[in-house]
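What follows is the residue order along each chain.
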Amino acid sequence: MTGIARVLRALAAAGAALLAVTAAAPVAAARPEPKAPPEFVELRSVDPTIITEMRYTTAHNFMGEPVDGYRQPVCILTRPAALALRTAQRSLLRQGYSLKVYDCYRPQRAVDHFVRWAKDLDDQAMKGEFYPMVDKTRLFEDGYIAEKSGHSRGSTVDLTLVRLPALVTRPYEPGEGLAPCYAPKGERFPDNSVDMGTGYDCFDTLSHTDDPRVQGAQRANRQFLKETLTGLGFVNLAEEWWHFTYKPELFPDTYFDFPVARRSVAGH
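What comes next concerns the included structure. Fair warning: this is a prediction, and the values are worked out from it, not measured in the lab. (Residues numbered from 1 in each chain as written. Predicted model: local features only at pLDDT ≥ 70, side-chain atom pairs only at ≥ 80, totals over all residues. Heavy atoms only, no water.)

## Re the layout of surface pockets
Quick reminder of the rule: Lining residues are those with an atom within 4 Å of a point, where the points come from a 1 Å grid over the protein atoms alone and group into cavities, where a 1.4 Å probe fits but cannot get out, or pockets, open sets with protein on both sides within 12 Å along at least five of seven lines. Grid points are joined across faces, edges and corners, and a volume is the space filled by probe spheres set on the points. To qualify as a helix, a DSSP run of H or I must reach at least 4 residues; to qualify as a strand, a run of E must reach at least 2; elements of each kind are numbered from the N terminus. Classes in brief: Ala, Val, Leu, Ile, Met, Phe, Trp, Tyr, Cys and Pro nonpolar; Asp, Glu, Lys and Arg charged; the others, Gly included, polar.
Empty space within the largest pocket amounts to approximately 580 Å³. Of all the secondary structure elements, the ones that give two or more residues to the lining of the largest pocket are helix H4 (108-119), strand S5 (156-163), strand S6 (234-236) and strand S7 (243-246). Grouping the constituent residues of the lining of the largest pocket by class yields 13 nonpolar, 10 polar and 9 charged. Taken as a whole, the second largest pocket encloses approximately 240 Å³ of empty space. Surrounding the second largest pocket, 26 residues form its lining, Arg 188, Phe 189, Pro 190, Asp 191 and Gly 199 being those nearest its centre. Class assignment for the residues of the lining of the second largest pocket results in 13 nonpolar, 7 polar and 6 charged.

## Concerning the state of the cysteines
Rules: Disulfides are defined as cysteine sulfur pairs within 2.5 Å. Residue burial is assigned from relative accessible area. The probe radius is 1.4 Å, only protein chains are included, and a residue is buried under 20% of its type maximum, exposed over 50%, and partly exposed in between.
Under the definition given, this model contains 2 disulfides. Each sulfur of the disulfide joining Cys 75 and Cys 104 lies 2.0 Å from the other. The chirality of the disulfide connecting Cys 75 with Cys 104 is left-handed, given an S-S dihedral of about -105°. Pair noted here: Cys 75 is in the loop between strand S2 (51-52) and strand S3 (76-78) and Cys 104 is in the loop between strand S4 (97-103) and H4, with a separation of 29 residues, a long-range link. Between Cys 181 and Cys 202 runs a disulfide, and the two sulfur atoms are separated by 2.0 Å. Negative torsions about the S-S bond denote left-handed disulfides, and the value of about 60° found for Cys 181 with Cys 202 makes this one right-handed. Of this pair, Cys 181 sits in the loop between S5 and helix H6 (216-230) while Cys 202 sits in the loop between S5 and H6, and the two are 21 residues apart along the sequence. Note on accessibility: Cys 181 and Cys 202 belong to one class, buried.

## With respect to the sheet that holds S2
Threshold: Paired strands, as defined in this entry, are two strands with at least two bridges between them according to DSSP.
On the basis of which strands lie adjacent, the open sheet formed by 5 strands has the order S2-S4-S5-S7-S6 and mixed pairing. Sheet topology places S2 and S6 at the edges, where each strand pairs with a single neighbour. Inspection of the sheet shows S5 paired to S7 by 3 bridges, in the antiparallel sense. From the neighbouring strand, Thr 156 faces S7, where its bridge partner is Thr 245.

## Quick look at the environment of Glu 176
The test is simple: It only takes one pair of heavy atoms within 4.5 Å for two residues to be counted as in contact. Side-chain atoms alone can form a polar contact between residues adjacent in sequence; in general such a contact is a pair of N or O atoms within 3.5 Å, and within protein one must be able to donate a hydrogen while the other accepts it.
Here Glu 176 is to be found in the loop between S5 and H6. Beyond its immediate chain neighbours, meaning those up to four positions away, Glu 176 contacts Arg 170, Pro 171 and Phe 189. Within the structure, Glu 176 has its side chain in polar contact with the side chain of Arg 170 (distance 2.9 Å). Within the structure, the side chain of Glu 176 is placed 2.7 Å from the backbone nitrogen of Glu 173, a separation counted as a polar contact.

Put into C-alpha cells, the structure is as follows:
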C-alpha cells in the first residue's frame, strides 16, 4: 500500500469515528418557554367586554417598535385583579362607559428592552410624541424607566375610559408625524378614550393624576376613573393617571418573565 493510500484510509477511519460519536451524542433540547402560574388568567376570559389596545405589541409606543416578550395583544393578569376589573366594568357599562386596557402583565424581558433603549441616546425617534420636554439622559433619574416594574408581578394594569359606543381607533403608521402627548386632544394621535389631558405613556409631569394644571372635564375624567377603581382595591400611581395596582398583590416579590401570549395561560 502506498503512503498516500495509507493516509487516505486513516482519514476515512477518523471521519467515520467522528460521525459515530456525533450520532450517538444526545441532541440538546430547546429550553421550554416559561408559563404563567395558575393564578394568572387572560382578561378576556373573565370579561370579554373590556376593550383591549395592547400598545407594546405595536410600534406606537415610546420606543417606536414592538417590545420583547409581547407575542400577542392579550391582557394577562392575576385572577383577583381581573375579577376586580370585571366588577368595575359592570358598573361603568351601566353609565355608558367601558374600560380600555393599554398594558397588563409585563415580562421582565420587556423591561430589559426598555432599559436598553433608554441607554441608547441616539434613538429618539418617538421623542416628539412621548417625551418632548424630557432629555433622554434623565429617563432613569426622573423615574420614567427602571430596571424592575410592578407590571411584572401581574396585578398592575394601565387603562383608561371609553365613552360608548366606542369609535374605531385608526392604526399608527410608523414614520408618520408626531404630536406632543400633552397637546389638545384634537391634535394628539387619535384615541377613542375620553380626554384625560395627556395621551397614554406621556413622559411629562402633566401625567401626574392630580396635577393642578389639569382642570375641567379632563380632571373630572381622571377622578372618575380613579374613584371607580380605588373603591375595588386598586391603588393609583400618583405620577401616571393610567397606572393602577390591585392590592394585596398575590406575588409582591416576584418578577415573572413568561411571554404575553395565550399559551402562557392556556387551561387556566
